[in-house]
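Structure at a glance
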Amino acid sequence: MIIDIIAGARPNFMKIAPIIGEINRVDSAKKALSYRLVHTGQHYDKKMSADFFTQLGIPEPDINLEVGSGSQAEQTAKIMIKYEALLFEKPCDLCLVVGDVTSTMACAITAKKLKISVAHVEAGIRSGDMTMPEEVNRMVTDSITDYFFTTSKGASSNLVNIGVEKHRIFFVGNTMIDTLLKYVNNLNQPEVWKKQGLSPKSYILLTMHRPSNVDQADQLKEMLLEIIRNANGFPVVFPVHPRTSKVLGQISIKERNFIATDPMSYLDFIYLLKYAKAVITDSGGITEEATVLGVPCMSLRDSTERPETVEIGTNELVGTNPQNIKPAMNKIFSNSWKKGQIPEKWDGQTAKRIVEILRTLQ
Ligand code: UD1
């Protein structure tokens, strides 16, 4: 069986790495499965893509569709046209997509229309917020998926509730956490650490890239100032996503404890996360990583598709109103943030479970 493994954007890379590692390990012994790694090119900067391949030992993609930037529709269309051409020329038996980015949805649709089965890793999660492009991607992908791999029992229930047959749903855990646990004791100290004289638990880590938070310069500035001014003088370290960078260029922030950097590669970013006093973010994946690392996590969002990070983990939804930031940060600095536990099956063995199931599909 030939599996197309699809990766397009930064958060996909840590999710596919352990699956590829496991197929390579099993395959070299048994030649049971083979795969073709398809990079759509949705993210293309070295710092958003190639550095992750190098650090996580992901092989060079077999194919790069090189779609580049564009609007949601442009990107979706370009990926579908190019992936369809590839499948016409060289079909596969199963298309495996991960997460909720545009590449996930576009490749799933393309494969399904050519009667190729689709497997979705991280299926079934829902924020309920239809203004997020990711929510649309999740719903469309899950409506045509054949094999659903979930990170939580809640995600499995969501799928049952939309009529998916139970025998197609596999609660396997979280491949992003496989990657985290593999590297957590072998991280890279980023340049900013020495340059800024950082030390453990004495800085705040910040990431923001959601269109709703960063596309309006005024709103972004207000949020940033609120965070910086309530940080007790702690450095606020902010690796800046290219989307945010465009808007940040229009804002002047003079506070000395504000440290903006280029996007960071995986081992450098996780190093900063592991030793942070707290992380403030609008990412979903980081709420999972913070939960496993036991780092207090303030989500600048009103909803989450990963409720276990709030119910079990260290994450709290602070929302997007700047007025909510001060009380939440006070809680961090008074050391009264909840401790949190690790969700079921987030144990580093998820890719193994997935590949075992994939072998039974032949
Ligand atoms: C995408 C995902 C989002 C994920 C995020 C992580 C979708 C709908 N969204 O959002 O779920 O959390 O990735 O990064 O798929 N750009 C560059 N260099 C790059 C990539 C992008 O400069 O390598 C620029 C683009 O030109 C664009 C902006 O960054 O202006 C946004 O890129 P895009 O791929 O559209 O979506 P993200 O916001 O990165």
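Basis of the calculations
- Residues numbered from 1 in each chain as written.
- Predicted model: local features only at pLDDT ≥ 70, side-chain atom pairs only at ≥ 80, totals over all residues.
- Heavy atoms only, no water.
- Pairing = 2+ DSSP bridges.
- Helix = DSSP H or I, 4+ residues; strand = E, 2+ residues; numbered from the N terminus.
- Axes fitted to C-alpha atoms, helices over the stretch in contact; angles between N-to-C directions.
- Contact = heavy atoms within 4.5 Å.
- Near = heavy atom within 4 Å.
- Polar contact = N/O pair within 3.5 Å; in protein donor to acceptor, adjacent residues only side chain to side chain.
- Nonpolar A, V, L, I, M, F, W, Y, C, P; charged D, E, K, R; others polar.
- Phe/Tyr/Trp six-rings, centres within 6.5 Å; stacked < 30°, edge-to-face > 60°.
- Buried < 20%, exposed > 50% of the residue type's maximum accessible area, 1.4 Å probe, protein only.

In space, the six strands of this open sheet follow the order β10-β9-β8-β11-β12-β13, with parallel pairing throughout. Each edge of the open sheet is held by one strand with a lone partner, namely β10 (258–261) and β13 (315–317). Averaged over all pairs of adjacent strands, the angle between strand axes in this sheet comes to 20 degrees, irrespective of strand direction. Bridge count between strand β8 (residues 204–207) and strand β11 (residues 278–281): four bridges; the pairing is parallel. Counted as the bridge partner of Ile 204 is Ala 278 from β11. Sheet strands in contact with helix α10 (residues 217–229) are β8, β9 (236–239), β10 and β11, and its direction is about 145 degrees off that of β9. The sheet contacts of helix α13 (residues 285–293) involve β8, β11, β12 (297–299) and β13, and relative to β11 the element is tilted by about 165 degrees.

A separate point is the site of the ligand. Surveying the vicinity of the ligand reveals 20 residues, the closest of which are His 43, Ser 69, Glu 134, His 209 and Lys 246. A distance of 2.9 Å is found between an oxygen atom of the ligand and a side-chain nitrogen or oxygen belonging to Gln 42. Between the ligand and His 43 there is a distance of 2.8 Å, counted from an oxygen atom to a side-chain nitrogen or oxygen. When the residues that make up the shell around the ligand are grouped by side-chain class, the tally is six nonpolar, nine polar and five charged.

Bringing the packing of aromatic side chains into the picture now. Overall, the coordinates contain ten aromatic pairs when judged by the stated rule. Between Phe 13 and Phe 52, the ring centres sit 6.3 Å apart and the planes meet at 50 degrees, which makes this aromatic pair tilted. Taken together, the residues Phe 13 in helix α1 (residues 10–30) and Phe 52 in helix α2 (residues 50–55) connect sequence positions 39 residues apart. Like Phe 52, Phe 13 is buried. Measuring from centroid to centroid gives 6.1 Å for Trp 193 and Tyr 275, while their planes differ by 65 degrees, and the two rings are edge-to-face. In this pair, Trp 193 sits in helix α8 (residues 191–195) while Tyr 275 sits in the loop between α12 (266–274) and β11, placing the two residues 82 residues apart along the sequence. Judged by its relative accessible area of 8%, Trp 193 is buried. According to the relative accessible area criterion, Tyr 275 is partly exposed, its value standing at 25%.

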